[in-house]
Amino acid sequence: MIYTVTLNPALDKTVEILSFTVDSVNRITQMRTDPGGKGINVSKVIGKLGSKSIATGILGGATGRAIQSALENMGLESSFHFAEGETRTNLKVVDPACHTNTDINEPGLTVSEDLLNNLLNELLAKLGGEDIVVLSGSLPKGAPKNTYYTWVKACRETKAKVILDADGELLKAGLEAGPYLIKPNNHELSGLLGEKLETPKELERAARSLMDQYGIAKIVVSMGGEGALYVTGDATVYAEGLKVPVGSTVGAGDSVVAALAVAEEAGMSLEEAVRLSTATGAANVMCSGTQAAEYEVIEGLIPKVVFHNL
Ligand SMILES: Nc1ncnc2c1ncn2[C@@H]1O[C@H](COP(=O)(O)OP(=O)(O)OP(=O)(O)O)[C@@H](O)[C@H]1O
Ligand SMILES: [Mg+2]
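Residues numbered from 1 in each chain as written. Chains lettered and ligands numbered in written order. Predicted model: local features only at pLDDT ≥ 70, side-chain atom pairs only at ≥ 80, totals over all residues.

Before going further, it helps to examine the domain arrangement of the protein chain. Taken domain by domain, the protein chain holds domain 1 (1–132) and domain 2 (180–310). Domain 1 puts 16 residues into the contact, and the matching count from domain 2 is 19 residues. For the side of domain 1 that touches domain 2, the secondary-structure elements that each account for two or more residues are β2 (10–17), β3 (28–36) and α1 (38–48). No other element matches the 7 residues that α1 contributes to the side of domain 1 that touches domain 2. Looking at the side of domain 1 that touches domain 2, its residues break down into 6 nonpolar, 5 polar and 5 charged. (Domains from an automatic or database assignment. Contact = placed C-beta atoms within 7 Å. Helix = DSSP H or I, 4+ residues; strand = E, 2+ residues; numbered from the N terminus. Nonpolar A, V, L, I, M, F, W, Y, C, P; charged D, E, K, R; others polar.)

In C-alpha cells:
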C-alpha cells in the first residue's frame, strides 16, 4: 500500500475576482474549494492513476471534517488524526483581468508531540517491506524541525520505502535518515548544496554526492517546463519537458511524486517510470489549480515523452 502523509494540510479556496483591488470591496465571480496539502495532492493523483493510497496526517475542526468528507467523496481512503484547532484555509485570488495570483494563507493549527507520535506509531504498526510512505510538505506549528528525520528513520526500520518531498531545513533533516527516494526541484537541490546548479550534468553530480553521503537509492530532480533528471545507482536519464498548454504549475511536483510512487509499487522499469511521471506532470500542468488530471490525458502523453541516457 502507498501511504501519503500530510502533516500540515489546507483547504484551498480559489476565488476569481476581476480587477482585484486592495482597500476596496471585491466581488467573487467564481469559487471552488479543494482539499490541499502536498500529501493529499499526491493521493488525488494516485487515484487518477488507478492505484490506491491511504492519506494520513493531521486535521482539525470543521475545515478538517470538510477535507475528510471531500476525500471520501473522491473515493480516496484516509486515516487522519484530529488535533485541537482548525485546519487552515488558504485563499487563492485569481484575477483573469490583471493576470495576477494572490495567496492569503492562514497560519493553521498547532500540534503536540504526543499527537505526532501517536500518528507515527499507528502508521508504523501497518507498515512492511511492500509499502511505500510519501512524506511531503511543510510542518505545522509545534512539530519539531527534525520531524522528517524521526519519520524517515522509523519508517525505514519497517523496510517500507520512503519518498521524501520537502524543502530547506526539513529536507536536510529528512536526508540524514536516508530516504529511499527524494524529488527536489533544481532550486531546492541548489539550495541544499549551497551552489547554483543548472545543467543536467551539474544536477547529476550533486544528486550522486547526496546518494553516496546519505544512502539514497534514487533522486529525481524536476526542472519545471525543462523536464526532469532521474538518477539511480546505475543510470541517469534526462527527460525533456513536454510542450503543453499551461493551466497551473502548482502541484506539478506532487503529481510527479504520485507517479513515482505508483511506478515503484508496480515494479516498473526506469524507462516506464520516466514516461509515466513526465506525462503525469505535464497533464497536471494543463489543469487549473491543484485539480488532478484525468488518466486519459496522461495516457495520451506517455508515447510523446522524449528522454536520453546521460
Ligand atoms: N510548464 C511545464 N510544461 C510541461 N511540463 C511541466 C511544466 N512545469 C512542470 N512540468 C512537469 O512537472 C514536473 C514537476 O515540475 P516542477 O519542477 O515545477 O515541480 P515542483 O517545483 O516540485 O512543483 P510543486 O512543488 O509546486 O508541486 C516537471 O519535471 C515536468 O515534467
Ligand atoms: Mg515540489
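We are not done yet, so read on.
Helix length check: helix α2 (residues 61–73), at 13 residues, gives a terminal C-alpha distance of 19 Å against a target of 18 Å (1.5 Å per residue), a fit within 8%. For α2, the full list of buried residues reads T63, G64, I67 and L71. Viewed end-on, α2 has its buried residues packed into an arc of 105 degrees, placing them on one side of the element. Exposed residues pointing more than 90 degrees away from the buried face of α2 are listed as A62, S69, E72 and N73. Check the buried side of α2 and you find it contacts β2, β3, β4 (53–60), β5 (77–83) and β6 (88–95). Backbone geometry just downstream of α2 places G75 in the positive-phi region, at approximately 80 degrees. (Expected span 1.5 Å × (residues − 1). Buried ≥ 20, exposed ≤ 12 C-beta atoms within 10 Å, placed from the backbone. Arc of directions from axis to C-beta.)

So, on to the site of ligand 1. Around ligand 1 lies a shell of 22 residues, among which S222, G225, A252, G253 and G281 are the nearest. Class assignment of the residues belonging to the shell around ligand 1 gives a composition of 10 nonpolar, 11 polar and 1 charged. (Near = placed C-beta within 6 Å.)

Here 4 strands make up an open sheet; going across it, the order is β3-β2-β6-β7 and the pairing mixed. Two strands lie at the open edges of the sheet, namely β3 and β7 (100–105), each paired on one side alone. Within the sheet, the average angular offset between the axes of one strand and its neighbour, ignoring direction, is 20 degrees. As judged from the 7 bridges shared by β2 and β6, these two strands associate in the parallel manner. Within the sheet, the bridge partner assigned to L11 lies in β6 and is T89. (Pairing = 2+ DSSP bridges. Axes fitted to C-alpha atoms, helices over the stretch in contact; angles between N-to-C directions.)

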